[in-house]
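As a plain string of letters, each chain reads:
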Amino acid sequence: AQRVTQPEKLLSVFKGAPVELKCNYSYSGSPELFWYVQYSRQRLQLLLRHISRESIKGFTADLNKGETSFHLKKPFAQEEDSAMYYCALSGRGGSEKLVFGKGTKLTVNP
Amino acid sequence: KAGVTQTPRYLIKTRGQQVTLSCSPISGHRSVSWYQQTPGQGLQFLFEYFSETQRNKGNFPGRFSGRQFSNSRSEMNVSTLELGDSALYLCASSLSGSSGNTIYFGEGSWLTVV
């Protein structure tokens, strides 16, 4: 079964502190992994995907196939990072079906 | 360019009625998918259309249906509405649905069933 688990519903850190949002997945085969973000009153948007191996807004995420994890990290959190973060997976090969985790609400306090 | 546009943005319906939601994808995008978002279940995939054909379907009852037109615009319909259908319905589009395509989401249609 395809499943994405985000164990933390809420995460609160202080500005400048490191932040890690956890994501574990279950999938038969090699999925594509994504992080989506939803800022207050804005639409859901792609933050990064594992195949790009890029850093967006200081965030990085490494796919660990052994631990089936795709944790999102940022060394120094900023107040503007406060948002809802969703981890998601899809199968390779053209399916547009995204399986989302329940999301983690990140609050960065001043 | 304009983003994914969904109409109506807000609507209230009575149990037993039906509702049709509309989605206009980004110009040039041929793949459209729909998701239901609720506090309890989170974001759940409903279906995906490409070139007017349903290519993938989620685990929802037959009361939920959709279609895509030749201009890639899509509609979804929910018949015999139940209270549990109250949710935010999100439409998303991408170029072709191929691996590597970025999926863009609309702002959603808020449906309240009373």
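Higher on the page you've got the structure.
Residues numbered from 1 in each chain as written. Chains lettered and ligands numbered in written order. Predicted model: local features only at pLDDT ≥ 70, side-chain atom pairs only at ≥ 80, totals over all residues. Heavy atoms only, no water.

### Some words on the overall build of chain A
- If you tally the helices and strands in chain A, you get 0 helices and 11 strands.
- In chain A, the order of α-helices and β-strands from amino to carboxyl end is β-β-β-β-β-β-β-β-β-β-β.
- In summary, chain A has a C-alpha radius of gyration of 13 Å against a globular reference of 13 Å for 110 residues, a match within 12%.
- Counting only C-alpha atoms and orienting by the principal axes, one finds that chain A spans roughly 40 × 30 × 25 Å.
- By the burial criterion, 44% of the 110 residues in chain A qualify as buried.
- Considering only contacts within chain A whose residues lie at least 6 apart along the sequence, 59% involve residues at least 24 apart.
- A total accessible area of about 5600 Å² is found for chain A, and carbon and sulfur atoms account for 49% of it.
- The positive charge centre, built from 16 side chains, and the negative charge centre, built from 10, are 5 Å apart in chain A. (Helix = DSSP H or I, 4+ residues; strand = E, 2+ residues; numbered from the N terminus. Rg over C-alpha atoms; globule rule 2.2 N^0.38 Å. Buried < 20%, exposed > 50% of the residue type's maximum accessible area, 1.4 Å probe, protein only. Contact = heavy atoms within 4.5 Å. Areas by Shrake-Rupley, 256 points an atom, 1.4 Å probe, with all protein chains shown as cover. Lys, Arg positive; Asp, Glu negative; His and termini not counted. Charge placed at Lys NZ, Arg CZ, Asp CG, Glu CD.)

### Points about the state of the cysteines
Residues and elements named next belong to chain A.
- Summed over the entire model, instances satisfying the criterion amount to 2 disulfides over all chains.
- Sulfur-sulfur distance for the disulfide between Cys23 and Cys87 comes to 2.0 Å. Its S-S torsion of about -65° marks the bond between Cys23 and Cys87 as left-handed, since a negative value means left-handed. On the criterion of sequence distance, the pair formed by Cys23 in the loop between β3 (19-21) and β4 (24-26) and Cys87 in strand β9 (residues 83-90) is long-range, its members being 64 residues apart. (Disulfide = S-S within 2.5 Å.)

### Observations concerning the interface of chain A and chain B
- The interface of chain A with chain B comprises 17 residues on the first partner and 26 residues on the second.
- The junction of chain A with chain B conceals about 1800 Å² of combined surface from both sides, 49% of it contributed by carbon and sulfur atoms.
- Counting every contact that joins chain A to chain B gives 1 salt bridge.
- Here Arg43 of chain A ties to Glu107 of chain B by a salt bridge, and the two come within 3.6 Å at their closest N and O atoms.
- Inspection of the region where chain A meets chain B yields 6 residue pairs in polar contact (both at pLDDT 80 or more).
- When residues in the side of chain A that touches chain B are grouped by element, the largest group, 3 residues, is from strand β5 (residues 32-38) of chain A. (Buried area = accessible area lost by both parts, 1.4 Å probe. Salt bridge = Lys/Arg side-chain N within 4 Å of Asp/Glu carboxyl O. Polar contact = N/O pair within 3.5 Å; in protein donor to acceptor, adjacent residues only side chain to side chain.)

### Topic: the pattern of salt bridges
- The final tally for this structure, using the stated rule, is 10 salt bridges over all chains.
- For Arg73 of chain B, the salt bridge is made with Glu75 of chain B, and the minimal N-O distance between the two is 3.5 Å.
- Taking relative accessible area as the criterion, Glu75 of chain B reaches 16% and is therefore assigned buried.
- Each member of the salt-bridge network shares a partner with another, and the members are Glu20, Lys22 and Lys73 of chain A.

### A closer look at the pairing of strand β6 (residues 45-49) of chain A
All names here are of chain A.
- With 4 bridges joining them, β5 and β6 adopt antiparallel strand pairing. Looking at the pairing, Phe34 lines up with Arg49 of β6.
- Remark: 6 residues form the turn of the hairpin made by β5 and β6, two consecutive strands paired antiparallel; Arg41 in that turn has positive phi of roughly 65°. (Pairing = 2+ DSSP bridges.)

### A few points about the layout of surface pockets
- Considered as a void within the structure, the largest pocket measures approximately 630 Å³ in volume.
- Along the wall of the largest pocket there are 22 residues; nearest its centre are Gln38, Met84 and Tyr86 of chain A together with Gln37 and Trp110 of chain B.
- For the lining of the largest pocket, the elements supplying multiple residues, two or more each, are β9 of chain A together with β4 (31-38) and β9 (87-94) of chain B.
- Considered as a void within the structure, the second largest pocket measures approximately 450 Å³ in volume.
- Lining the second largest pocket are 18 residues, and of these Gln2 and Val99 of chain A together with Leu43, Gln44 and Phe45 of chain B lie nearest its centre. (1 Å grid on protein atoms, 1.4 Å probe; cavity = no way out; pocket = protein on both sides within 12 Å on 5 of 7 lines; lining within 4 Å. Points joined across faces, edges and corners; volume = space filled by probe spheres on them.)

Nothing here speaks to function; it is geometry throughout.
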